[in-house]
Each structure stands twice: as structure tokens, then as C-alpha cells.
Amino acid sequence: MKYFHLIWAALFRRKTRTIFTLLSVLAAFLLFGMLDAVRSAFNAPPSAAGVSRLVVSSRISIIQPLPQSLLTRIQALPGVKDVAYANWFGGYYQEPKNQNLMFQIAVDPNYLDAYPELVLPADQRKAFNETRTGAILGEAAAKALNLKIGDKIPIKGAIFTNKASGDTTWTFDIVGIFKAAEDKQRGQENQMLFRWDYFDEGRTFGNGTIGWYIARVNDPNDSDKVAAAIDALSANSDHETKTQTEQAFQLAFVKQLGDIGLIVGAIMAAVFFTLILLTGNTMAQAVRERIPELAVLKTIGFSNKSVLGLVLAEAILLIVLGGVLGLLLAQVLLPAVNAGSGGRMNFPPIGGSTWTLGIALMLGIGLVVGVLPALRGMRLRIVDALAGR
Amino acid sequence: MRFLTNLLLIVVIAVAIFVLVVLPWPALIVLVALLALWMAFTRTGRQAWSVTKVGVATIPQRLGSSSVIIVGIAGVVGVLVALLAMAEGFRQTLAQTGDADTAIIMRGGATAELNSGVSRDDATLIAQLPGILKDAEGKPIASPELVVVANIPKKTSATDANVEIRGVGAQAFALRPNVKITSGKRFGEGLRELIVGKGALAQFAGLDPGSTINLGNQQWTITGVFESGDAHESELWGDVEVVSATYRRQGYQSVTARLTSPEALDQLKAGIAADPRLKVDAKTTSDYYSAQSENLTRVIKVMGMIIGVIMGIGAVFGALNTMYAAVATRAREIATMRAIGFRGLPVVVSVLLETMLLALAGGLLGAFVAWLIFNNYTVSTLGQNFSQVVFAFKVSPALVWSGLKWALAIGFIGGLFPAMRAARLPVTTALREL
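Since the model is a prediction, treat every value here as computed from it, not as a measurement. (Residues numbered from 1 in each chain as written. Chains lettered and ligands numbered in written order. Predicted model: local features only at pLDDT ≥ 70, side-chain atom pairs only at ≥ 80, totals over all residues.)

## Side note on the overall build of chain B
Looking only at helices and strands, one finds 14 helices and twelve strands in chain B. Taken over C-alpha atoms, the radius of gyration comes to 30 Å for chain B, far larger than the 22 Å a tight globule of 434 residues would show. In terms of overall dimensions, chain B has C-alpha extents of about 95 × 45 × 35 Å along its principal axes. Here chain B, with 434 residues, has 51% of them falling under the buried criterion. (Helix = DSSP H or I, 4+ residues; strand = E, 2+ residues; numbered from the N terminus. Rg over C-alpha atoms; globule rule 2.2 N^0.38 Å. Buried ≥ 20, exposed ≤ 12 C-beta atoms within 10 Å, placed from the backbone.)

## What to know about the overall build of chain A
Tallying secondary structure elements over chain A gives 15 helices and 13 strands in all. Compactness check: chain A gives a C-alpha radius of gyration of 29 Å against a globular reference of 21 Å for 389 residues, more than 25% above the reference. Here the C-alpha coordinates of chain A stretch approximately 95 × 45 × 35 Å along the principal axes. The burial tally for chain A puts 40% of its 389 residues in the buried class. Contacts spanning at least 24 positions in sequence make up 80% of the contacts within chain A whose residues lie at least 6 apart. (Contact = placed C-beta atoms within 7 Å.)

## Focus on the domain arrangement of chain B
Residues and elements named next belong to chain B. Its domain assignment divides chain B into domain 1 (24–95 + 293–432) and domain 2 (109–278). Taken over C-alpha atoms, the centre of domain 1 sits 48 Å from the centre of domain 2. Counting from both sides, the interface comprises eleven residues of domain 1 and, opposite them, 17 residues of domain 2. Going through the elements one at a time, helix H4 (63–96), strand S11 (378–382) and strand S12 (388–392) are the ones with two or more residues in the side of domain 1 that touches domain 2. Sorting elements by how many residues they give to the side of domain 1 that touches domain 2 places S12 first, with three residues. (Domains from an automatic or database assignment.)

## Section: the environment of Leu333(A)
Residue and element names in this part refer to chain A. Position of leucine 333 among the secondary structure elements: in helix H13 (residues 304–340). Assessed through the 17 C-beta atoms surrounding it within 10 Å, leucine 333 is described here as partly exposed. Residues leucine 333 and threonine 243, 90 residues apart in the sequence, show an inter-C-alpha distance of 39 Å.

## Focus: the interface of chain B and chain A
Facing the 42 residues of chain B at the interface are 39 residues of chain A. For the side of chain B that touches chain A, the secondary structure elements donating two or more residues are H4, strand S2 (142–153), strand S3 (160–168), helix H10 (285–329) and S11 of chain B. In terms of residue count, H10(B) provides more of the side of chain B that touches chain A than any other element does, eleven residues in total. Tallied by class, the residues present in the side of chain B that touches chain A amount to 22 nonpolar, 19 polar and one charged. (Nonpolar A, V, L, I, M, F, W, Y, C, P; charged D, E, K, R; others polar.)

## Some remarks on the packing of H4(B) against helix H13 (residues 397–424) of chain B
Residue and element names in this part refer to chain B. Contact geometry for H4 and H13: axes closest at 9 Å, N-to-C directions at 150°. In terms of orientation, H4 and H13 fall into the roughly antiparallel class. Between H4 and H13 lies a crossing of right-handed hand. In contact with Ile69, Ile73, Val76, Val77, Leu80, Val81, Leu84, Ala85 and Glu88 of H4, H13 contributes Leu399, Val400, Gly403, Trp406, Ala407, Ile410, Gly411 and Gly414. (Axes fitted to C-alpha atoms, helices over the stretch in contact; angles between N-to-C directions. Parallel < 35°, antiparallel > 145°, perpendicular 65-115°, else oblique. Left-handed = near helix turned anticlockwise from the far one by under 90°.)

## Quick notes on the pairing of strand S5 (residues 103–107) of chain A
Residues and elements named next belong to chain A. Sheet topology note: the strand S3 (residues 80–88)/S5 ladder contains three bridges and is antiparallel. Pairing of alanine 86 across the sheet is with valine 107, part of S5. Pairing analysis gives five bridges linking S5 to strand S10 (residues 191–195), with the strands arranged parallel. Bridging from a neighbouring strand, alanine 106 pairs with phenylalanine 194 of S10. (Pairing = 2+ DSSP bridges.)

What follows is the structure, encoded as C-alpha cells:
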């Protein structure tokens, strides 16, 4: 630590060069921070709730409906705490491009109990239970579409025809706005939930069938056993089910989008390879220029090892300085991107795991780019270096 | 004064980048030709040429630091071209699907086949509408279709993916003449048989001809493989009546019909409007499939641009570092030339040209690596019908050109400032140094 001054002075010996290099490092780690956020936005955060909830869908395919009669049979199974169900609606408010801002799901009265992370004030919950045409939206969706409690909104559905209107337009009363309990679950605020009974009575086909069940288990360790028991209920029938934890369900869905992890990894590999070359060259240049100075240091008694340490520390300091600034910048920028996109994007904030990985990368890259120049500094012979040979 | 010139530099950069963005490639050739003429026939031009020659000749001595520019820019261009190639591949696959001569008729308001529904009665009515081409026997070339999704594991990840199964009517092959059976035979009418698209065969497990798959508790046999050169290659096809029975559907989802001519779409639409029983919309299949690629293509392009800009900024600083160092090591040489009568402009031009040559080399390298690794690299993602669309990356010449534009822009910015410093070096101090 007592040499910190010396290292700092050496680092800023050539101000322009160091600042340009720092900015390159900063750009690389800014990208790392943002891409890691993209990656974790796609990989659903592992949560206890995700493991204790089972998603029961049709084995044939996710779009195939299930009979309502399964409800009581699933409820009766040992280990099942409660069961809720839901149906995909698939419509849009005003314009087709709003489809991704708010997707709609018809849910039964128990659904909100199964999702404690969706926080709805008690009076709004009561209003939802009492209003047949009631709907509740996530805060992000409400903000993006500029909707508030009390609004009456028409939703143009794509699948289900409404008996009342004769076409696929359904009208809902907004009675509540829910929030996600944690920031990293903000993605769930892009939905609108409405009552399944209103939906089922209104639609012209598919009545009495549901899209999927959500069963909560008493003990997450029993998940596999309970899932097998649920699937056994409908084995060899014409509506066989496939039951998996919500986490596994989401992971399988993300994998269908494509290998996001691989894409992010490939980009970062290209970025860091370039970065190593760039800073490695800067460090080599810096040491080459300072050979006489390093020789002076050795002359006045610095050991080979401490010269090695000094140069290595300088390289690591350079990378860590730029890297930390880059990650900080990413941390500031991400909420701005979220806000700027008007709810279209919900990147989770940069978390501890990103910082840990980032700092490990900084140290690693610092070592790699510093080692050759440092060895050169260590091995130089005082006489030759002072003579300029 | 100094502030003013710096301001001027920034304006020059902005203008240069704008010109580069809008520039088509023939204009660049003209520009290069003009530069060559200037170098050949004017005094300052000849000076610039000789200074540039010296600069370029010394590159091998500074190989390490010059490679920073090349590799840095190759990284930017490589990543950018690869991402854009992904967007382009997806867009092309869907744009090639469908044409202006065929129309898809779905329920009004439906954005994808999966959301649509057309009853059997409606399908019969639709087939008789005006504007639809009839075959030699007088039957309309229209195919009522049903798209369902089956869980079939991906070869790469072994997790279940949604694969599209399309039930097609008897006229489907007359409707889409580009669909060709490459091995095996067509599915039999009324049988639980499927043919598999080339793309689906490559991406998903257990679909080889002769094998059986389980759909809704029934065994289906794969009888053949088809090729169509478009998004249908991601699908499995079977008889619509059998698929509909298996998935317990009452009707179809869409009717696709061949039009007598592209203009007949209006005729067809008028026919639909005239029949109060029909609540459906018609559009050409090329419109329908092209619209499906818009969202994903835009997301990938925006992501590519953001990543490109951030990486580009990093590369600009790398280039600045290298060129400042290059100018510093050649300070004496440049000052000598200034002392014997070379003007400032040739010095600026030579440093700028040298950087842009290195940048061009980097851009070519990056685009080449992206082409080598990613051209025709096949992946699949979730498409509009909640099922997998198989597509291949396409590194097109247009993408390479836009990658090279980025490289030249980075080279220009990275070279301009060091070039200005070189030209401004006070001759006396520079000669005394070292």
C-alpha cells in the first residue's frame, strides 16, 4: 500500500494515453454490465416461489386446453396447498403494437394468492372480487398505456369472440393496479389480469376449458413427487398433462427463444479479446518508455520482485479503475433505458453476481496484460538499461 | 483560436460521418478516384503521396501497436456484422415465404394463424369467392389449414421446443409449387402421416423419415422430407382433417388460396365484404409473412447498433492511442519534412490515410471472420405462431459494406486528431527532441 503513490504517478505519467485506455476499458465493462443485465432478464431469477409453484399444462402442447374437472382432483392430492388456473387471452389495447406492453390473462379468484409477489391493495382486491368485468393491471403496463383506476377499456382480442359484442372486442373496468414486490420481478407488471368467470360466460367456444393450472406445494422438496402425482391423474386420457416447476417452465421457454447466453458470451469474448490486446499494448509501451526509470528504482534498492509487483499492480489498477467506472455507468444507464423505453424493457438492476464476475474479470485481465511487461521490468539488467542498450 | 479549430474538427467529423452513412458504394469509388487524381496531378497531392508512402512503409516496424487498430476494429465490425446477419437471415426467411399471388384469409383482427379461426362452412364459402384460381378440373386452388404446436426436443439442448405442425388441404402442393419432396413420399390422405421440413429435420430430434412420433396419444409416421426454401421448412405437414381430429378442433384457422393475378386480391376482398356471413380478412401471404419478421428484426438491429456504438467508442480510443504514439515516434521525421518545405495538409492527409487503411484492413478482417463463422449458421427462435422458426445467418454484401463504413468512420475519427497534432508540431521543438 505504501507504494500506491508511486504506482499512481507511473500510471498517469502520460495522461492522454492513460485516459484513452481507461475510456476503452470503461466502454468494454459498460457493455459487459448491460449485456449481463440482458442475460439475467432472460434467465428468470431463481426464487423460492418459482420452485414451490407447479405449472400444469397439456402434454400435447402448451396451446391445448385442459378440462376444468381436473381442478378438484388436483386439489385433493396430498402435498398440494392450493390450485389456481388461468387462460391466455392474447389481445391488445388500441393498437396491435401495444401487444407486448400488456398481455391479458383470465384468472380465477385464487390466482392472486398463488402469486404473493404481485402486491394489490386490499380495497382494490375487494373491488376486483366484486366487479365481474373488473381487471387489474401491473404498474408498468398502466404507465406505458396511460391507464388509471376507473377507466373502461376495450381490448381487441385475437382468439376469443365475445357473445355480447359479436366480435372479438371485450370491455373491462380497471379496478386495481398491482406492483411487483421486488424490482427484479418488474417484468410481471406487463400483464392485465381479469376474471375467468366473465371470460368463460362471454366466449363462444372452448367453454369450461382452461389454459393451465398453477398448483402450489406445501414443501418445495416434494415438487417432483407432486408433479408426478398430478400427471398420473390424466395418464392415458385424451388430455394428458405435463407438470413442471414454474422455474423449469420459464427456463424451457427462454431456451426456445434461442441461446441468449451463448450470444452474449460470444460478444463479450470478442470485446475482451480486443481489450486485452489494446491494454496489453499500452502497458508494453509504458514499460518500454520507462526502462531507465525502472533501472533507477533497482539501483536504489528495489528488488526484482517488487519491480514485478509494481508493474503488475499498475496494469491491474488501470483495468480495475476503468472497469469499476464502466460498471457504475451501466448501473446508472440501465434504469434510464428502462424508463426511456416506456415499459417495453425491464432490465433488472446490476446485482452482486454481475459485480463479482466483473471484478474477477478485471483482475484476470489486469494480470494477463501486466504479466509480460512486468517480467520484462523484472529481468532488466541495471547496467544495460541505464546505458540505453 | 485553438478552441475554434477544435470546434471545426468536430463539425468536420459530424459531416464526414453523415456523408459516410448516406454514401452508396459507387460514390466512394468516385471519391477514391478523385483522391488519386489529386495525388497524381497537384503539388500538394504529390507531397501527400510521398509522406503517406513513408508512413505506410514504417507500419511493419510498429506492427504491435498497428495491430491494435486492426484487431480493435475487426472486433467491432465482426460483432456488428454477425448480429445484423442474424436479423437479415430471419427477415429473408420470412420475406421469401409467401408471394403476391397467394392470399391468406383469417378471422378479422387475427395477427397470426394461431389466433385465428375459420369454420368449415366459412372455408367452403371462401373457396368459392371470386379472384381465386381454379385448376384444370375446375376446383379452386385453396387449402384450408390448421396450425398446431407439438413438443419436440431440440437437438442442441434436448429441451422441448414448440414445433409447428401444419395440417394442409389436398390443394396445398398445387398452391405452393416451391414445396418439393426430397426424400420419401407425401403423407397419405386420412392417415396419421407427416412430412418434415428440411430445417425442422436438422434442428429437432427424432424426425427422420420412417420414425414415429407421439401426438395426442397417437403414433404418427414421418414419411418424407420436403424443401421449400422458406419458413415452411421449419414445419411438419400432415392432412388437415387428421390433425384437426387429433387436436379436437372443430374448424380450421385459415384458408390460403392462389389468386388469378396479384390484382385479384381486391376482387377477393370485395367478395368477402359482399357476404355478410364472412367475418374474415384477406391479405397476400408475402405481406403476412414479412410483417412477422418486423419486431425481432428491429430488436436485433437496435441491439446491434447499441453494442456497435459502445464497442466503436472503445476502438476509437485504441486507434487514437496508437496514432498519437505513431506521430510521436515520427515527430522528428515529420518536422524535418516540414523544415524542407512540406506543407501541413499533406501531413494531415497522410496520417489520416494511414489510419483509415489500417481501419479498412480491420473492417475486412472482421467481416471475413463473421462470414467464415456465421454465414449460413442455422438457429431457431420462437416466431409469431408461438412455434419455432428455423433460419440461417446471412452475411450479405450490403452488410459487409455497412460494416466497412463503421470501420472507416472509426478510422477517420481515430486518425484526425493525431493528424492535426502532427501538422501543428512546432518544427524547432520537434527537431530538438530526443
